[in-house]
Amino acid sequence: MLKALQLWFLLAFVCINYTYAQTNASPYKTDWIRDGAIVVGGIGASVAGSILVDNKYRLTEQNVVGLTTADVNKLDRFAAGNYSSSAESLSDFPFYGSFLTPLLLLMDDDVKKNAPQVYLLYGQAMSIAGGLYSLTTGLTARKRPYVYSDDAPLELKTDKQATNSFYAGHTAATAAATFFVAKVYHDFNPGSPARPYIWAAAAAVPVTVAYLRTKAGKHFLTDNLVGYAIGMGIGILVPELHQKVESIGLSLVPVSVPTYNGALLTFKF
């Protein structure tokens, strides 16, 4: 997850130095101090979570000997014992690739004119995703599916990452990135016929990552379901909560028609 944040910093450096300024075409309202502080807070949470992970109790050989899939709940049991280094390596392609998908938004002229603002929100989404994941894994100790495998090496089973199964960070980060792209495109292009296809692609990429991570023995089904939901929520809610809203208020307008003289009370929200 920290690698993901590093990629975002590179992306932010390029975009914040872009020559375009925020325009009225943007559907979002941001505050660089407040929103920047949230980004910093998310990064801080990621660092704190990483420290917790480093200090977690590691499994020993005695801990893993004798483990059986019967120790896993029925919903997740099918994944217990999975182990595939090739599936793990393959999952990195859509995982890291998803972090670059927001660059595709620069193909939209209105997004391009508001690039610093949009990528500030992207950084906020990814920092929140990273912070939540790091703290959660640092405070939980669910064994990964490969711990139950006879094929996985003992060094892997006793590594500090072996109890970081809950929840699926790769899936969460990927979902946060792809759903962020879909949401921003949706908001900037309310009449575009491409919107359903972009949403479908946004949903499919993290599903692919989740499948590969399960096959690799990194996560159980429920780990991926939770990670997917959290990532999707962050990717959608960060832009949504920054939407411009019209002021709320009451107005009284005189009304005069041939058969009626009075006033019209309106409530705008």
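Residues numbered from 1 in each chain as written. Predicted model: local features only at pLDDT ≥ 70, side-chain atom pairs only at ≥ 80, totals over all residues. Heavy atoms only, no water.

**Concerning the nonpolar core**
Moving on, step 1. Core analysis: the biggest nonpolar cluster contains 24 residues, and Phe99, Leu105, Val118, Tyr122, Met126, Phe180 and Val184 have the highest contact counts within it.
Moving on, step 2. When residues of this core are traced back to their parent elements, those giving at least two are helix 6 (115-139), helix 8 (169-188) and helix 10 (221-240).
Moving on, step 3. Each residue touching Leu105, except ones within four places of it in the same chain, is listed here: Val111, Val118, Tyr119, Val181, Val184 and Tyr185.
Moving on, step 4. Formed by eleven residues, the second largest nonpolar core is a distinct cluster that contains Val64, Val72, Val147 and Tyr148. (Core = buried A, V, L, I, M, F, W, Y, C linked by side-chain atoms within 4.5 Å. Buried < 20%, exposed > 50% of the residue type's maximum accessible area, 1.4 Å probe, protein only. Helix = DSSP H or I, 4+ residues; strand = E, 2+ residues; numbered from the N terminus. Contact = heavy atoms within 4.5 Å.)

**Quick notes on the side chain of Asp223**
Moving on, step 1. Structurally, Asp223 is set in helix 10.
Moving on, step 2. Judged by its relative accessible area of 0%, Asp223 falls in the buried class.
Moving on, step 3. A distance of 2.5 Å separates a polar atom in the side chain of Asp223 from a polar atom in the side chain of Ser165.
Moving on, step 4. Within the structure, Asp223 has its side chain in polar contact with the backbone nitrogen of Phe220 (distance 2.8 Å).
Moving on, step 5. Beyond its immediate chain neighbours, meaning those up to four positions away, Asp223 contacts Arg142, Ser165, Phe166, Tyr167 and Ala168. (Polar contact = N/O pair within 3.5 Å; in protein donor to acceptor, adjacent residues only side chain to side chain.)

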